[in-house]
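What the coordinates show
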Amino acid sequence: MDEDEEDVLLNEDDIQEVIELGDESEQPDELADDMDGLVVNEDDLLEEDSLLERDDAAMVFKEHGKSVFCVSLDPTDASVAVSGGEDDRAFAWKVDDGRPLFECKGHKDSVTCTSFSHDGKLIATGDMSGVVKAWQVSNGNEIWSFECGDLEWLCWHPLSHVLLAGTAAGELWMWKVPSGNCKTFQSHGVPTTCGKVMPDGKQMAAGYADGSVKAWDLKSASPTVHISGHDGHLDGVTCIDCSDDGSLLLTGSMDGSAKLISTSSNKVVGSLVRKQPEEPRNDGLNDASKSDGPVGVEAVGFCRVLPVAAVGYLDGQLIIWDVPSQRVRHCCEHMSGIVRLQWHASQPLVYTCTLDGIVCLWDGRTGQLQMQWQGHTNQILDMAVSRDGNVIVTGSDDGTARVFRQQQAASIN
């Protein structure tokens, strides 16, 4: 202690208040008296508890235990689902009661791709290491297997038992199942990140990590569309869809833009570049909205009954885009980033799922939220919707797949 501090003396005039320190702690009755001014609204507590405990799922599939990366639904009657997960396992199971029909064994890494053939008779499963297998739904038998490079995406041909896939090496593969007859499509040295067979079954569209987009003729294995450089995206393509007549491709990218591409002219005919918000949202749910760079597009899709398209962003905004006029019709806000979107097959309704574990149904004509389903305790990673819109299956980081039904949704007034 300094000498100056030792010389400091307190006079009685300097003392403002004397506090008596008792030997005993404050008693419960005294604590209760101190809390008389604290008002707790019981209705608020009940509402908060109900939100935390709410589960709209008709059925919960718990066989995985780890993150469920992918889900698919039987396209014929939505009675069977298949799911794949971080546990290196895939299961085919009944939608009504969750009863496992069979396990798709033999994978070496996380199962990230699952898909039903157009007639619901075959299932394809693929893992990150590149092991791809096909299974007969009726008896659970493995009928074909192949090992390619690190798998990025996998889908069936819409008209036949032909399977297509894209790899991290940029290769595209096409196999006849179960014969295994194979065709490859040349890589240009970057990963192919997404792909889809066009409705006529004669071409395949693919997006790449360098922002380029190609359409391939399946018979000749030659490109029919190639968008790159200044016309392409500035960053990786994350999602792709085709119009029903095959005349347009819709792509989304990590660069925050969506592009309309004419398959006949091989040109970009429209771009949706959203203005970035001046200030990021502070909802604590979505780190993507706080990034210095553009907010990426995670999902796109053409409406099947109206000339509009939907574009979903990682900051939770869903844009309904008028295709002919290329004007924004509606901006629909979610509380967290959009992971997947899917239009109803015969109505102007679009389903979305988000990183906060919620599934939403929006009216594409008005931009109004119609229904919500909750139940997951972590982010949703994938979603599949039946053709009639009555069955929704989701996979989540919470280790479960959940089945939601339209009649069990919470209607939004």
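Right, let's get into the environment of Val68. Tracing the chain through its elements places Val68 in strand E2 (residues 68-73). Along the sequence, Val68 and Arg89 sit 21 residues apart, while their C-alpha atoms lie 9.6 Å from each other. Apart from the residues lying within four places of it in its own chain, the contact partners of Val68 are Ser83, Gly84, Gly85, Leu381, Gly395, Ser396, Gly399, Thr400 and Ala401.

This part is about the pairing of strand E31 (residues 391-396). Among the six residues of E31, six are classified as buried, and the element is accordingly described as predominantly covered. Burial along E31 is two-sided: Val391, Val393 and Gly395 facing one way and Ile392, Thr394 and Ser396 facing the other are all buried. Of the strand pairs in this sheet, strand E30 (residues 380-385) and E31 are connected by five bridges, and their pairing is antiparallel. Bridge pairing links Met383 to Thr394 in E31. When E31 meets strand E32 (residues 401-405), the two strands line up antiparallel, connected through five bridges. Bridging from a neighbouring strand, Thr394 pairs with Arg402 of E32.

The element strand E8 (residues 131-136) is largely enclosed, with a buried count of five among its six residues. As paired elements, strand E7 (residues 122-127) and E8 share five bridges and run antiparallel to each other. Note that in E8 the partner of Thr125 across the bridge is Lys133. The hairpin turn running from E7 into E8, its antiparallel successor, is three residues long, and Gly130 in that turn takes a positive phi close to 105°. Relative to strand E9 (residues 142-147), E8 runs antiparallel, the two sharing five bridges. Looking across to E9, one finds that Lys133 is bridged to Ser145. Counting the residues in the hairpin turn of E8 and E9 gives five residues, including Gly140, whose phi is positive at 80°.

Rules behind the numbers
- Residues numbered from 1 in each chain as written.
- Predicted model: local features only at pLDDT ≥ 70, side-chain atom pairs only at ≥ 80, totals over all residues.
- Heavy atoms only, no water.
- Helix = DSSP H or I, 4+ residues; strand = E, 2+ residues; numbered from the N terminus.
- Contact = heavy atoms within 4.5 Å.
- Buried < 20%, exposed > 50% of the residue type's maximum accessible area, 1.4 Å probe, protein only.
- Pairing = 2+ DSSP bridges.

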